[in-house]
Amino acid sequence: MDTLERTEDSDLGARTLGFRLFSSFMKKHKNTIIQYVGLLLVLLLFTIWTEGKLLTPFNIKTIIRQLAVLYTISIGLVFVFSHGGMDISVGAVLGLSSMSTALAMNAGVPFFVAVLIALGVSVTCYFINIIIAVQFGLMSVISSLAIMFISRGIVTYKVSTSVEAIKLQNSSAMDIFRNQTFILISLVVIGIIGLILFNWMKIGKQSRAIGDNPLASMQSGVSIKKTKIIGYLLAGVLVGFASLFSLARSSTISENTGAGLEMDVIVALVLGGLALNGGSKSKMSSAIVGTMTYVLLNNGLVMVGVATEMVSLVKGVIFLAVVFLLLRRPRSEVVPR
Amino acid sequence: MKKNKWLPMFVTVVLLFTFVLAGCTGSNESSENNVNSSSANNEGKNATIGVMLYNYTDIQGKEIKSYCSYLEQNFNVTFKYATIGSSEEEHITGLENLLASGVDAVISGYDTALEESLNLADDAGVYYAVVLGEADENVKSDYFVGGIKQFGENPAVLGAVYAEQANQAGVKNVAITSFPAFAFLDAPVIIQGFSDKMAELDSAANVYEPEYHSFAPQDAIDAVTKIISDHGDVDAIFALGSGMDFVYPAVLNSTKSDIKVLALGYNDSTEAALENDSVLMAGTNNYSQIIANAFAQLYDRLNGHQYTDWKPNGRVNYATIKSVQDVADFKAYVIPEDKSQGSVTVDELKQEMLTYNDQATWEGLQKLTSRTISEIKKARQ
């Protein structure tokens, strides 16, 4: 009898311990769990709502193609947002980068060189952006505004003064960037590199530290200027790479190329739980989960056939719910700046 | 503890709201299905057509949707709408989403990224039409049913019509505002037609060089300010870039609010503006004709028919409005609530569709969808 009681007590103790561990795990990883649960909920909701059409092979391919540009850019911009930077030039820079590549390819430049041009243009824009910000002490959003106007201005000027529409004369040259396998591999590789750089390398850790408290970071030996420049250069490389996906998707350049992308990226990152003021809570997974959620949301709403006048409202409600769950941080978690 | 209580409450409210919205859509769908089943005796096969526009909230979007509803009630067809942005990426994404949802054909407002759009449509075996503009005739695809000329066969004629109205009103110094030619391809031809006719009607009239502006209301305000500062004697503006929405308010708020406006565009203030003579003429696309033209061709193709005299670009009438009476006619025959009294009725359309009439021709369809308001009025009486 005594032995039985002891066994029951020990079972109860083990269960209580298990519950405590589970509860502490849930508390510790609350934001990450909500992030993935949010994605799963959107996936589940639209799978049921579309009677399984969401997960047909055709639509999965569609979703992967749609992810390419937004996902690549978002991974890059995590390095900018995590240190408290803000970039709204991404759409215009992508447009300029795509246009430069198209013009170069039409001029007979080898494909490999055209790819380098795409990366070069984008990296240059982001380099100028951050140099203006750090050298002149401007807010990064202001310098990115300037870059946005300049890049968009160049594209608009070139498009409006061209006799013919700017489009790839040999569209098949970009076939590699339309190849489903290549896109998928690229997304996986970019995601892994992003995760490694952001979670385990100095650049990620220092970016987050600057986002939390620049002064403390500097006093701890972090070179703020250098970290920010590297962050922007990484973003530039990925925006350049995304411009190739974008060019492959449309083969055409207009004054609207890349328009609105900056807002898509911000919404996707917020949906993924990234606090836009940066800091230690920034996660690379925000870009991965957020872009997937955003693309699924847009795709699902059209597939379901939600009335057009309701689309914004539905998006807004889902956005509010996710933001409320992910970004409402207890005061105790916010490190004083 | 307090927080713990209201967090689940908030989530519950949000989820409830979302499901209510889902329910709303579901009930719409079922009522649409009832409409379709009531017209199940139609000869054409059941089809779903996707529509892609920038928005469905302006008069163009609303009227296009309204005419599509009319078609849904009378043909075995359902329309599915996607709101797209102006960039190529957003256009392609919108198209991909519609294709993934299983549409049989797509009506795109615009010729954005036309070749890549057609590649996608080809791969999915889906017919594709461009309705708010002319399509590049060099672009070939078995699934492309073409574009639509918004300003008739010769846009210069429209410019001349505006010039005649300006001349009748006695204006002497006319400035021109327009969206850039790269975005509004017909603008230079319309402007040329206007200038030539003005010179022909009144050799003393001055037509100033066009002032091109971008796509925001502020750009139109800047253009109007520049015109007033450069040409103090200007007495009218031929406004090609959102004339009623952008340029007319800009003139009213300018330092020379007595400038008359000849507008390409129409909105709710047109009637009052014509009445008080601040607008001499307005005009807009005939939305029903646009959709009727594209729908007839798409539905025929889906039913295995193609016109032998088909051409890549069809045409519709550009409805011009010069008086309050014209506004009344426009409301009665172009944007009536009851589309069976409007520009293209179902019976008229069926007469020009091969699915219902094996004698139908593409040219016959173009004639039907390019009737002027007075011709439509005559047909209804």
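Computed from a predicted structure; not experimentally measured.

Rules used throughout
Residues numbered from 1 in each chain as written. Chains lettered and ligands numbered in written order. Predicted model: local features only at pLDDT ≥ 70, side-chain atom pairs only at ≥ 80, totals over all residues. Helix = DSSP H or I, 4+ residues; strand = E, 2+ residues; numbered from the N terminus. Contact = placed C-beta atoms within 7 Å. Domains from an automatic or database assignment. Nonpolar A, V, L, I, M, F, W, Y, C, P; charged D, E, K, R; others polar. Pairing = 2+ DSSP bridges. Axes fitted to C-alpha atoms, helices over the stretch in contact; angles between N-to-C directions. Buried ≥ 20, exposed ≤ 12 C-beta atoms within 10 Å, placed from the backbone. Right-handed = clockwise from strand over helix to strand, strands pointing away. Expected span 1.5 Å × (residues − 1). Arc of directions from axis to C-beta.

Explain the overall build of chain A to me, please; I cannot follow it from the model alone.
Broken down by element type, chain A carries 13 helices and two strands. In terms of overall dimensions, chain A has C-alpha extents of about 95 × 55 × 40 Å along its principal axes. When contacts within chain A are restricted to residue pairs at least 6 apart in sequence, long-range pairs at least 24 apart make up 79% of them.

Teacher, can you tell me more about the domain arrangement of chain B here?
All names here are of chain B. As assigned here, chain B comprises domain 1 (48-149 + 286-380) and domain 2 (155-285). Placing the centre of domain 1 and that of domain 2 at their C-alpha centroids yields a distance of 28 Å. The interface is formed by 13 residues belonging to domain 1 together with 14 residues belonging to domain 2. In terms of residue class, the side of domain 1 that touches domain 2 is built from nine nonpolar, three polar and one charged.

Would you mind going over the interface of chain A and chain B with me for this structure?
Note on interface size: it is often stated as the accessible area lost on association of the parts. Each partner contributes residues to the interface: chain A has 39 residues there, and chain B has 34 residues. Secondary-structure elements contributing two or more residues to the side of chain A that touches chain B are helix 3 (57-81), helix 6 (140-161), helix 10 (224-250), helix 12 (285-304) and helix 13 (308-327) of chain A. Split into classes, the residues belonging to the side of chain A that touches chain B amount to 17 nonpolar, 18 polar and four charged.

Would you mind showing me how to read the sheet that holds strand 3 (residues 105-108) of chain B here?
Residue and element names in this part refer to chain B. Within the open sheet, the six strands sit side by side as 2-1-3-4-5-12. Their pairing is parallel. Two strands bound the open sheet, and with one partner strand each, they are strand 2 (77-83) and strand 12 (313-315). Strand-to-strand twist in this sheet, taken as the mean axis angle between neighbours without regard to direction, amounts to 20°. Pairing of strand 3 with strand 4 (residues 127-130) involves four bridges; the strand directions are parallel.

What is the right way to read the pairing of strand 3 of chain B from this model?
For a regular strand, the rule is simple: side chains alternate between the two faces of the sheet. All names here are of chain B. What you see with strand 3 is no split at all: Ala105 and Ile107 on one side and Val106 and Ser108 on the other are buried throughout. Examined bridge by bridge, strand 1 (residues 47-53) and strand 3 share four bridges and lie parallel to one another. Note that in strand 3 the partner of Val51 across the bridge is Ile107. Considered for its hand, the β-α-β crossover made up of strand 3, helix 4 (residues 114-124) and strand 4 is right-handed.

So what exactly am I meant to see when it comes to helix 2 (residues 30-49) of chain A here?
In an α-helix, one turn spans 3.6 residues; hence positions three or four apart end up facing the same way. Residue and element names in this part refer to chain A. Compared with the 28 Å implied by 1.5 Å per residue over 20 residues, the 27 Å span of helix 2 between its first and last C-alpha is a close match. Of the residues making up helix 2, those classed as buried are Gln35, Gly38, Leu39, Val42 and Leu45. Along the axis of helix 2, the buried positions cluster into a sector of 130°, meaning they face one direction only. Across helix 2 from its buried face, at more than 90 degrees, point the exposed residues Lys30, Val37, Leu40, Leu44 and Ile48. The first or second residue beyond helix 2 is Glu51, which carries a positive phi of 55°.

Would you mind showing me how to read the environment of B:Ser86 here?
Checked against the element boundaries, B:Ser86 lands in the loop between strand 2 and helix 3 (88-100). Owing to 17 C-beta atoms within 10 Å, B:Ser86 belongs among the partly exposed residues under this scheme. For the pair formed by B:Ser86 and B:Leu118, sequence separation is 32 residues and the distance between their alpha carbons is 17 Å. Once residues lying within four places of it in the same chain are set aside, the contact partners of B:Ser86 are A:Asn256, A:Ala259 and B:Tyr54.

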